[in-house]
Amino acid sequence: MIQAISQLGASCLANIAALGRASMMLAQALWFIPTRKLLRDIVRQLYVVGVLSLPIILVSGLFIGMVIAFQGYSILVDFGAETSLGPMVALSLLRELGPVVTALLFAGRAGSALTAEIGLMKTTEQLSSMEMMAVDPLRRVIAPRFWAGVIAMPLLASMFNLVGIWGGFLVGVEWLGVDDGSFWSIMGASIEFGQDIGNGLIKSVVFALAVTWVALFNGYDARPSARGISQATTRSVVYASLLVLGLDFILTALMFGS
Amino acid sequence: MKVNKLELTVGGFVLLGLAALLVLSLKIADSQFSGDGPSYTLYARFDNIGGLKPRSPVKVGGVVVGRVEKIELDSDDFAPVVTLKMFERYGYFPETSSASILTAGLLGEQYIGLNPGFIMEDIESLEAGATIEDTKSALVLEELIGKVLFSLTEK
């Protein structure tokens, strides 16, 4: 009994210590004046985390938009309100699904890769050898990946939204026969720039910070072994996904609550 | 000059993302960055505003000519006072105009329908800050049913 309690306390303390290490890692990685070299590294990482994530983001955006249009139509048609399909698709994408699904996919597609890459760098002692050559691995390895993630995610989420709305248009208008004009005009009338698009962007920036941070820290903090890397990768995806969903609830309550 | 293929792809990616954002905000949200242009304020007193909300449209013959800015209750006679933001580009309406609260469709959102009065020499127009005198309240379904039931039992 007493042992169980002390174990609980120990794991609590370990988690708090990990949070401290993660904050210190981020602070050290970002607290310096940006150089040209950093910019070049960011561009290279943007290719890895951004451009290579494009296919999965675009395809899932299209399908999610199409599914919402289907489901929405079958509900709205009962009330004779199928012309409201446009705002329904657009609002659910812009406010919720765009940022959240992009972040979840990003955690699975790019976050896991970041964790594995950095974990392997640590295991093969590349990070230590960088330190021996007086190169700060936090600045050369962590910082560009972090910024690349933060820049890439809002852009990916915007493309996801646009493709999703197009998918909703395809199913709703082209297939199910909702009126073309009212689909777009009611959508345009019911969406506000600040409330819907702005808040969606804020969400995706927050999610980007969370997902990239979790992924980088788990790689940096991985135990240097094959097992350690696999555990770190799993943990990175699980924690990042849970964090995104939890943060989404808090942000939604703050933005749309009152 | 040699163009780095990687940089080109990343640049294209960033441009594509920004373009998506621009299309979302301009085309989908239908927002004009200039807003609705200059506007002036009118007031209207109703007996019952039903489900009217701030940002509900004010329409003349179906054309949106303004929006509801805020809804308050006059503390003297407990009548709702609606503040309207009218777009200046449609000009000013004659004093004899009437406002009624209408519903779009059977269950749709409520809006203010403005009926412009005749424009004649001796009739002034509704300047900024004026109050629309002739108003018709929203139809409340329960009251309507009550009236029907009352008239049925009368017979």
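Residues numbered from 1 in each chain as written. Chains lettered and ligands numbered in written order. Predicted model: local features only at pLDDT ≥ 70, side-chain atom pairs only at ≥ 80, totals over all residues. Heavy atoms only, no water.

On to empty space enclosed by the protein. For the structure on display, the rule yields one cavity of 30 Å³ or more. Around the largest cavity sit 13 residues that line it, and Ser158(A), Asn161(A), Ile197(A), Gly200(A) and Leu201(A) are the ones nearest its centre. Breaking the lining of the largest cavity down by element, the ones donating at least two residues are helix 4 (85-123), helix 6 (137-175) and helix 8 (193-220) of chain A together with helix 1 (5-28) of chain B. The leading source of residues in the lining of the largest cavity is helix 8 of chain A, at five residues. The residue inventory of the lining of the largest cavity, partitioned by class, reads eight nonpolar, four polar and one charged. (1 Å grid on protein atoms, 1.4 Å probe; cavity = no way out; pocket = protein on both sides within 12 Å on 5 of 7 lines; lining within 4 Å. Points joined across faces, edges and corners; volume = space filled by probe spheres on them. Helix = DSSP H or I, 4+ residues; strand = E, 2+ residues; numbered from the N terminus. Nonpolar A, V, L, I, M, F, W, Y, C, P; charged D, E, K, R; others polar.)

Domain boundaries assigned for chain B yield domain 1 (1-31) and domain 2 (39-146). Here the C-alpha centroids of domain 1 of chain B and domain 2 of chain B sit 43 Å apart. (Domains from an automatic or database assignment.)

Here we take up unusual backbone geometry. Negative phi values dominate among residues other than glycine, just as trans dominates among peptide bonds. Despite not being glycine, Ala134(A) shows a phi value in the positive range, around 60°. Looking at where Ala134(A) falls in the secondary structure, it is placed in the loop between helix 5 (126-132) and helix 6. Positioned with a positive phi, Phe78(B) is a non-glycine residue whose angle comes to about 55°. Along the polypeptide, Phe78(B) turns up in the loop between strand 3 (63-73) and strand 4 (80-87).

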